[in-house]
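Below are the chains, spelled out letter by letter.
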Amino acid sequence: MTTIDRPRPQAPGSASGLVRRHPLVAFAVLACGLSWLAWIPYVLSPHGLGVWDLHVPELFGSAQLAGVLPGALLGPLGAAFVVTAVTDGRAGLRTWVGRLWRWRVAWQWYALALVGVPLLVLAAGAIASGGVMRAPSLIALATLVPALALQMVTTGLSEEPGWRDFALPRLQRRFGPLGAAAVLGPLWALWHMPLFLSDWGGWPDAHWTAPLVFAGFTITFNVVMAWVFNRTGESLPLSVLLHVGVNNTVSVLWTDMFPGIDADRGVLVLFVGATVAATVIVIATRGRLGYTGERSSVDSAHGQR
């Protein structure tokens, strides 16, 4: 048996040695740091603070794809790849990538991600608009599936291999499911914060509470995400579908069906809905969130920080 799949020992004071001793901290720092650095030009451009006359090319009618996606790919995805390679070698990378191909789960979970959650999001939109709504246009309906596919390979694959595939299993082994949710939710929210200084977050028209309400939604929706990830045998495709299903319904259908919707109120309604769902899941699972593993005694005593 060869040792080709094992990470090579590193000097304790080296960068790789620090990553191997503190993989979760390394992931958090890299995920946020790499994304934030890459987003600086977009935030400073006319699409944000307007202090740098930088042209960001528009794709599909928006500059956000070109301005935001590179940073998203460098952050959670890039950080997860680097830290996994350093700490666990090729064997760890195979496990990490392997979750991406776990499509074989019960059909009910696909129904939840593709139908159930979008219907709940539309119900939230109806509440946020005060009941002022119209039937979706043919253009919106025709755009729905292509937009979902696009978001799967952009938003979904740039974020979920980091948050759920890399971080969640490690956090649950160390802190248990609720402890993991309490750490990952705020980290996921924090990662988004610089984007509120750009048109992604409604700058400059969004209310000052918008980042706080969005953070609340992210933290509570993270509990739902963890439950689905655990109950589907750590299926990353289902995590991606659940994540982008919410995004896609909001971006494609909300503006079409609810022309008078207030964006700030819309996020507030989503936050309330996610909080209710998270509360029900926590109570129904007695805080296990579908997690069947145990906290590692080694991680608890000396664990990854």
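Residues numbered from 1 in each chain as written. Predicted model: local features only at pLDDT ≥ 70, side-chain atom pairs only at ≥ 80, totals over all residues. Heavy atoms only, no water.

Undergrad: Teacher, can you tell me more about the overall build of the protein here?
TA: Check the secondary structure of the protein and you find nine helices and zero strands. Helices (α) and strands (β) of the protein occur, in sequence order from the N terminus, as α-α-α-α-α-α-α-α-α. Relative to the 2.2 N^0.38 estimate, which gives 19 Å for 305 residues, the radius of gyration of the protein is 20 Å and therefore close to what a compact globule would have. Its C-alpha atoms put the protein at 65 × 50 × 35 Å along the principal axes. Burial status across the protein gives 46% buried among its 305 residues. At a minimum sequence separation of 6, the contacts of the protein that also span at least 24 residues come to 78%. (Helix = DSSP H or I, 4+ residues; strand = E, 2+ residues; numbered from the N terminus. Rg over C-alpha atoms; globule rule 2.2 N^0.38 Å. Buried < 20%, exposed > 50% of the residue type's maximum accessible area, 1.4 Å probe, protein only. Contact = heavy atoms within 4.5 Å.)

Undergrad: Would you explain the nonpolar core in this entry?
TA: The tendency in soluble globular proteins is for nonpolar side chains to be buried side by side. Counting 66 residues, the largest nonpolar core has Phe27, Trp163, Phe166, Phe221 and Trp254 as the members making the most contacts within it. Elements represented by at least two residues in this core include exactly helix H2 (23-44), helix H3 (64-98), helix H4 (107-128), helix H5 (138-192), helix H6 (210-231), helix H7 (236-257) and helix H8 (263-284). If one sorts the elements of this core by residue count, H5 sits on top with 13 residues. In contact with phenylalanine 27, other than residues within four places in its own chain, are Pro76, Ala79, Ala80, Val83, Gly162, Trp163, Phe166, Ala167 and Leu187. (Core = buried A, V, L, I, M, F, W, Y, C linked by side-chain atoms within 4.5 Å.)

Undergrad: Would you mind going over the packing of aromatic side chains with me for this structure?
TA: What characterises a pair of aromatic rings is the spacing of the ring centres plus the angle enclosed by the ring planes. Scanning all chains against the criterion turns up 10 aromatic pairs. Both rings, one in phenylalanine 217 and one in phenylalanine 221, keep their centres 5.4 Å apart while their planes meet at 10°; by these two values the pair is stacked. With phenylalanine 217 and phenylalanine 221 both in helix H6, this residue pair falls four residues apart, about one helical turn. By the burial criterion, phenylalanine 217 is buried, and phenylalanine 221 matches it. Ring pairs connect the aromatic residues Phe27, Trp39, Trp163, Phe166 and Trp191, which therefore count as one cluster. (Phe/Tyr/Trp six-rings, centres within 6.5 Å; stacked < 30°, edge-to-face > 60°.)

Undergrad: Help me out: how do you make sense of the packing of H5 against H6 in this one?
TA: If you want to describe how two helices pack, look at the angle between their axes and the distance between the axes. Running from N to C, H5 and H6 point in directions that differ by 140°, and their axes come no closer than 9 Å. Between H5 and H6, the angle falls in the class oblique. Of the two elements, H5 crosses H6, and the hand of that crossing is right-handed. Between H5 and H6, the residues in contact are Glu160, Arg164, Leu168, Pro169, Gln172, Ala181, Leu184, Gly185, Pro186, Trp188, Ala189 and His192 and Phe214, Ala215, Thr218, Ile219, Phe221, Asn222, Val223, Met225, Ala226, Phe229 and Asn230, respectively. Grouping the amino acids of the contact of H5 with H6 by side-chain chemistry returns 15 nonpolar, six polar and two charged. (Axes fitted to C-alpha atoms, helices over the stretch in contact; angles between N-to-C directions. Parallel < 35°, antiparallel > 145°, perpendicular 65-115°, else oblique. Left-handed = near helix turned anticlockwise from the far one by under 90°. Nonpolar A, V, L, I, M, F, W, Y, C, P; charged D, E, K, R; others polar.)

Undergrad: What is the right way to look at H2 in this model?
TA: At 3.6 residues per turn, the α-helix brings residues three or four places apart onto the same side. Its 22 residues give H2 an end-to-end C-alpha distance of 31 Å, which sits within 8% of 32 Å, the value for a rise of 1.5 Å per residue. Roughly 35° is the biggest bend found in H2, and it falls at alanine 38, with proline proline 41 one to four residues downstream. Taken together, the buried positions of H2 are Pro23, Leu24, Ala26, Phe27, Ala28, Ala31, Cys32, Ser35, Trp39, Tyr42 and Val43. Check the buried side of H2 and you find it contacts helix H1 (15-21), H3 and H5. (Expected span 1.5 Å × (residues − 1). Bend = angle between axes of the 7 residues up to and from the residue.)

Undergrad: Help me understand the pattern of salt bridges in this model?
TA: Evaluation of the coordinates by the stated rule reveals five salt bridges. The closest approach of N and O atoms between glutamate 234 and arginine 99, which form a salt bridge, is 3.0 Å. Placement of glutamate 234 in the loop between H6 and H7 and of arginine 99 in the loop between H3 and H4 is noted, with a sequence separation of 135 residues between them. The class of arginine 99 is buried, set by a relative accessible area of 9%. Salt bridges sharing partners connect three or more residues here, namely Arg99, Arg102, Asp165 and Glu234. (Salt bridge = Lys/Arg side-chain N within 4 Å of Asp/Glu carboxyl O.)

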